[in-house]
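Structure at a glance
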Amino acid sequence: MMQKNTGTLLAEVQQAVNSIIKGKEEIVQKVLAAIIGGGHILMEDIPGVGKTTLATTFARVLSLDYRRVQFTPDVLPSDLLGFSMYHSQKGAFEFQKGAVFCNLLLADEINRTSPKTQSALLEVMEERQVSIEGETRGLPDPFIVIATENPAGSSGTQLLPESQLDRFLVCLSMGYPKHEDAVALLKGEVWNRLSDISAVLSLEELKTVQTQTEAIFVEDSIYEYIVNLVEETRDNPLFALGASPRGGIALLRMSRAMAMLAGRDFVTAKDVQSVLCDVLCHRVRLSARSRAEGVTVTAAVSRLAETVRCPKL
């Protein structure tokens, strides 16, 4: 049982993470929203801006069993999923768990590894289970992937397939720190404070919050609004590839999570609009005409909020 109310606990979580990740309050809020929404997070950024520190801090604050895998071309599916090893003393094979058997997996530079290894994560991310040698093994609950990828065109990278991108609830970018935050980093303040960070939520409390988030009320007009936004990505000439139905589900889950963080028990249109780009930008592809005219995917998705009729909520 939670001794404090949910809103207070979630505010304390954000405060604890913000004490380490300086100047990125909006990113911290949306990562927490994705976690309580039960989804996976893709962080697209150059190396060295604090993505690993962000994941480590959330793991500590939320009492999550944490694993980190540095993806390189020679990482094998068995490194992630596990394998069976023969023990001569026991005279039998024994399963050795891979890195995915945890609550929070940091898949660092996921777009540097082979397509075979990337595809090994598909079932894991969608079904929260591992199927090896005819046997299915469930993963711990909750199970969250925070994956980082270097920008397209970086040395040694390749584009993630649409099927894998669609598994991520949101795609976020931290960007460079502000000047004063960079100075604090050089002074060593971040690392000193990280060692002092303690848990704010227990694992059971986090699962309770996730259940409460799923129960946030959504009015029929908001359901219609979400579907209209997703369908517009398929009909609008700005896009060559529109969002899948999974994109609509992701938009609903993130909207509920944002309402929860705002202390409300119902979703508004502003909740939907606040996460629209984070949920849809990595799920769509611009048309050739849009690219020729210099339209960015963020600008194209942002226009949806202007063209699709918004309910008065």
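The model shown is predicted, which means the values in this text are computed figures rather than measured ones.

For the rest of this paragraph, the subject is the overall build of the chain. Across its full length, the chain holds 15 helices and 11 strands. Once the C-alpha set of the chain is aligned to its principal axes, its extents read approximately 70 × 45 × 45 Å. Out of the 313 residues in the chain, the part that is buried amounts to 48%. Within the chain, contacts between residues at least 6 apart in sequence are counted, and of these 77% link residues at least 24 apart. As displayed, the chain has an accessible area near 15000 Å², and 51% of this comes from carbon and sulfur atoms.

This paragraph deals with the pairing of strand β9 (residues 168-172). Counting buried positions along β9 yields five of five residues, so the element is predominantly enclosed. With four bridges joining them, strand β1 (residues 40-44) and β9 adopt parallel strand pairing. Looking across to β9, one finds that Met-43 is bridged to Leu-172.

With that settled, consider the sheet that holds β1. Sheet architecture is open: five strands sit in the order β2-β5-β8-β1-β9, paired in parallel fashion. Every interior strand has two partners, whereas the edge strands, β2 (66-70) and β9, have only one. Each strand of the sheet is rotated relative to its neighbour by a mean of 15 degrees, with strand direction disregarded. Bridge count between strand β5 (residues 104-108) and strand β8 (residues 144-149): four bridges; the pairing is parallel. Bridging across to β8, Leu-105 finds its partner in Val-145.

According to the stated counting rule, one finds one aromatic pair in the structure shown. Summarising the aromatic geometry, the rings of Phe-95 and Phe-101 are spaced 6.0 Å apart at their centres and angled 70 degrees between planes, so their arrangement reads as edge-to-face. Residue Phe-95 shares its accessibility class with Phe-101, and that shared class is buried. Over the ring of Phe-95 we find Arg-137; its NZ or CZ atom is 3.8 Å from the centre of that ring. Taking the ring centre of Phe-266 as reference, the NZ or CZ of Arg-264 above it sits at 5.6 Å.

In this section: the pairing of strand β6 (residues 129-132). What you see with β6 is a clean split: Val-130 and Ile-132 sit on the buried side and Gln-129 and Ser-131 on the side with no burial. The sheet contact formed by β6 and strand β7 (residues 135-138) spans four bridges and is antiparallel. Residue pairing in the sheet places Val-130 in a bridge with Arg-137 of β7. Connecting β6 to the next strand, β7, in antiparallel fashion are two residues, including Glu-133 with a positive phi near 55 degrees.

So, about the side chain of Ser-287. For Ser-287, the location among the structural elements is in the loop between β11 (285-286) and α14 (288-292). Look past the residues within four positions of Ser-287 in its chain and what remains in contact with it is Pro-237, Leu-238, Phe-239 and Ala-240.

It is worth spelling out helix α2 (residues 25-36) at this point. With 12 residues, α2 should cover 16 Å at 1.5 Å per step; its first-to-last C-alpha distance of 17 Å lies within 8% of that length. The buried fraction of α2 amounts to nine of the 12 residues, a majority that puts the element mostly inside the structure. Among all positions of α2, only Ile-27, Val-28, Lys-30, Val-31, Leu-32, Ala-33, Ala-34, Ile-35 and Ile-36 are buried. Phi for Gly-38, located one or two positions after α2, is positive at around 75 degrees.

What counts and how
- Residues numbered from 1 in each chain as written.
- Predicted model: local features only at pLDDT ≥ 70, side-chain atom pairs only at ≥ 80, totals over all residues.
- Heavy atoms only, no water.
- Helix = DSSP H or I, 4+ residues; strand = E, 2+ residues; numbered from the N terminus.
- Buried < 20%, exposed > 50% of the residue type's maximum accessible area, 1.4 Å probe, protein only.
- Contact = heavy atoms within 4.5 Å.
- Areas by Shrake-Rupley, 256 points an atom, 1.4 Å probe, with all protein chains shown as cover.
- Pairing = 2+ DSSP bridges.
- Axes fitted to C-alpha atoms, helices over the stretch in contact; angles between N-to-C directions.
- Phe/Tyr/Trp six-rings, centres within 6.5 Å; stacked < 30°, edge-to-face > 60°.
- Lys NZ or Arg CZ within 6 Å of the ring centre and 35° of its normal.
- Expected span 1.5 Å × (residues − 1).

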